[in-house]
Amino acid sequence: MSDIRPYRVAVPDSEVDDLRCRLRATRWAPDPPGTGWSRGVPTAYLRRLAGHWADAYDWRRHEAELNAHPQFATEIDGTRVHFLHVRSANPDAVPLVLLHGWPGSVADFHALIGALRDDFHLVVPSLPGFGFSGPPPETGWTDGRTARALNVLMDRLGYARYGVHGGDVGAFVAPLMGRDATGRVLGVHVNALVTVPGGDEDVDALDDADRARLDALRRWQENEGAYLRVQGTSPQTLAHAHHDSPAGLLAWFAERYRDLTGTADLPDDAVGTDAVLTNASVYWLTGTAGSAAHSYYERFHDRAGWERGGRSPVPTAVAVFPTDHAIRPFAERAHTIVRWTEFERGGHFPALEAPDLLAADLRAFFLDQIPRRPR
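Predicted, not measured: the structure shown is a model, and the values here were computed from it.

Some details on the sheet that holds strand β5 (residues 120-125)
- Ordered in space as β1-β2-β3-β5-β4-β6-β7-β8-β9, the nine strands form an open sheet in which the pairing is mixed. In this open sheet, the two strands that pair with only one neighbour each are β1 (4-6) and β9 (335-342). Strand-to-strand, the axes of this sheet are offset by a mean angle of 25 degrees, without reference to chain direction.
- With four bridges connecting them, strand β3 (residues 79-86) and β5 associate as antiparallel partners. Note on β5: the bridge partner recorded for Leu84 is Val124.
- Set on the sheet, helix α5 (residues 143-156) makes contact with β1, β2 (71-76), β3, β4 (94-99), β5, β6 (162-167) and β7 (185-191); between it and β2 the angle comes to about 120 degrees.

Here you go:
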């Protein structure tokens, strides 16, 4: 515990002022006439959203929301790891790690923390390279390395047994925490799980519903998944634009929120304008848009991460929201699935879109389904 120090978000006024000045000075790209969203984010929409960011959005209010939770930082494997640590008043509460994804941050979990804090001791890290953890000092921060670092964090906090939840990037890291610390991780709960077939025979064996889900995934990859290839192959090229232009960063994020949420026509309809702008602010003000993109390069080029053999013995729950493409027969090749729940509302960001459903599923899994062994 001596290696853990208190942390408080305190962005200087000069940096907030600089952000606003840059937004107001944006050089706006002309739209091809009549294209709408078919070729990317329309200028009229982005100008409105960026104008709100510059003139109406209150960063200090959201900074205070973050600072309402106890925050800490520690150094693990040479890099800083920032985290919220919200302990329950119940001494028998289950320790639970909540892992965000991209383009998310610890701010995504504000509503979920309120819903879970009576039943769980919550540890909510900023993944290395993201947000308040800052850019790592070196390359090589694969999902496996992140998983090992977060297990070190839980050991450093004195938790012998704990659960892990993750979505998006967190859904890659959470199962690896279980593989790295099988005797310590009570269970793994994920949403937006990526599942891959072992071969053509796995695809041939799918029923009609899973085949439709696989077809939907392929359409998404063809029509909306280009950002994965860019971040997985040329993250530094993208980093130059996102480190210099907040409007460019906002466009990149806004398109992801529109593509990956439920049925909303606009990103802020699904998760709220302030949620989009808070995450954009976190990445901009911490200078981590580039390092977060580099995490995709690490994943794309981590052979060990894709060739990890055998099924993890850790009990695993999968929450499947309407825009997810997880396929159970594929998932069962790598995970010991003991709970599989499909929801009719929500989307890729359930902590923002449907925190009530996510909280209920976490309680049902960790409090009712997983044996309560000594911690």
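A short note on the UniProt feature "domain: Epoxide hydrolase N-terminal" (unreviewed entry) in the chain
- Look at the UniProt record and you will see "domain: Epoxide hydrolase N-terminal" (unreviewed entry) annotated at residues 4-109.
- Here residues 4-109 is 32% helix and 22% strand, with 22 Å between the C-alpha atoms at its ends.

Here we look at the pairing of β5
- For β5, the tally of buried residues reaches six of six residues, placing the bulk of the element in the interior.
- Alternating positions in β5 separate into two faces, Phe120, Leu122 and Val124 on one and His121, Val123 and Pro125 on the other, with burial throughout.
- Where β4 lies against β5, four bridges are found, and the strand directions are parallel. Of the residues in β5, the one forming a bridge with Leu96 is Leu122.

Focus: the nonpolar core
- Ranked by internal contacts, the top residues of the largest apolar core, which has 106 residues, are Trp59, Leu99, Trp102, Leu122, Tyr162, Met177 and Leu250.
- Each residue touching Trp102, except ones within four places of it in the same chain, is listed here: Phe130, Asp168, Val169, Tyr227, Gln231, Trp252, Phe253, Arg256, Tyr283, Ala292, Tyr296 and Phe349.
- Among the nonpolar cores identified, the runner-up in size contains five residues, and Ala319, Phe343, Ala354 and Leu357 belong to it.

Examining helix α6 (residues 169-180)
- Relative to the 16 Å expected for twelve residues at 1.5 Å per residue, α6 spans 17 Å between its end C-alpha atoms, a close match to the ideal helical length.
- With nine of twelve residues buried, α6 is to be regarded as a mostly interior element.
- Among the residues of α6, Val169, Gly170, Ala171, Val173, Ala174, Pro175, Leu176, Met177 and Gly178 are the ones counted as buried.

Description of the side chain of Ser105
- Assignment of secondary structure puts Ser105 in the loop between β4 and α4 (110-116).
- Classification of Ser105 as buried rests on a relative accessible area of 4%.
- Not counting residues up to four positions away in its chain, the partners in contact with Ser105 are His100, Asn279 and Val282.

As for the UniProt feature "active site" (unreviewed entry) in the chain
- Per the UniProt entry, the sites bearing "active site" (unreviewed entry) are Asp168, Tyr296 and His348 in this numbering.
- In this fold, Asp168 is placed in the loop between β6 and α6.
- Leaving out residues up to four positions away in the same chain, Asp168 has contacts with Gly101, Trp102, Asn191, Ala192, Tyr296 and His348.
- A distance of 2.8 Å separates a polar atom in the side chain of Asp168 from the backbone nitrogen of Trp102.
- In this fold, Tyr296 is placed in helix α14 (residues 289-300).
- Filtering out sequence-adjacent residues up to four positions away, Tyr296 remains in contact with Trp102, Asp168, Val169, Leu228, Gln231 and Gly232.

Some remarks on helix α3 (residues 59-67)
- Looking only at α3, the buried set comprises Trp59, His62, Glu63, Leu66 and Asn67. Buried residues of α3, seen end-on, are gathered within an arc of 145 degrees and therefore sit on one face of the element.
- For α3, the secondary structure elements touched by its buried residues are α1 (13-24), β2 and α13 (273-286).
- Its side-chain oxygen 3.1 Å from the backbone nitrogen of Arg60, Asp58 forms the N-cap of α3.

Some points on the packing of aromatic side chains
- A full pass over the atoms with the stated rule returns 13 aromatic pairs.
- With centroids separated by 5.8 Å and ring planes inclined at 75 degrees, the aromatic side chains of Trp102 and Tyr296 adopt a geometry described as edge-to-face. Taken as a pair, Trp102 in the loop between β4 and α4 and Tyr296 in helix α14 lie far apart in primary sequence, 194 residues in all.
- Judged by its relative accessible area of 2%, Trp102 is buried.
- By the ring-pair criterion, three or more aromatic residues cluster together here, those being Trp102, Phe130, Trp220, Tyr227, Phe253, Tyr283 and Tyr296.
- The positively charged end of Arg299 is found above the aromatic ring belonging to Phe172, 4.6 Å away from the centroid.
- Over the ring of Tyr296 we find Arg299, and its NZ or CZ is 5.0 Å from the ring centre.

Cut-off values and rules
- Residues numbered from 1 in each chain as written.
- Predicted model: local features only at pLDDT ≥ 70, side-chain atom pairs only at ≥ 80, totals over all residues.
- Heavy atoms only, no water.
- Pairing = 2+ DSSP bridges.
- Helix = DSSP H or I, 4+ residues; strand = E, 2+ residues; numbered from the N terminus.
- Axes fitted to C-alpha atoms, helices over the stretch in contact; angles between N-to-C directions.
- Contact = heavy atoms within 4.5 Å.
- UniProt positions renumbered as here; feature names shortened; annotations may be inferred.
- Buried < 20%, exposed > 50% of the residue type's maximum accessible area, 1.4 Å probe, protein only.
- Core = buried A, V, L, I, M, F, W, Y, C linked by side-chain atoms within 4.5 Å.
- Expected span 1.5 Å × (residues − 1).
- Polar contact = N/O pair within 3.5 Å; in protein donor to acceptor, adjacent residues only side chain to side chain.
- Arc of directions from axis to C-beta.
- Phe/Tyr/Trp six-rings, centres within 6.5 Å; stacked < 30°, edge-to-face > 60°.
- Lys NZ or Arg CZ within 6 Å of the ring centre and 35° of its normal.

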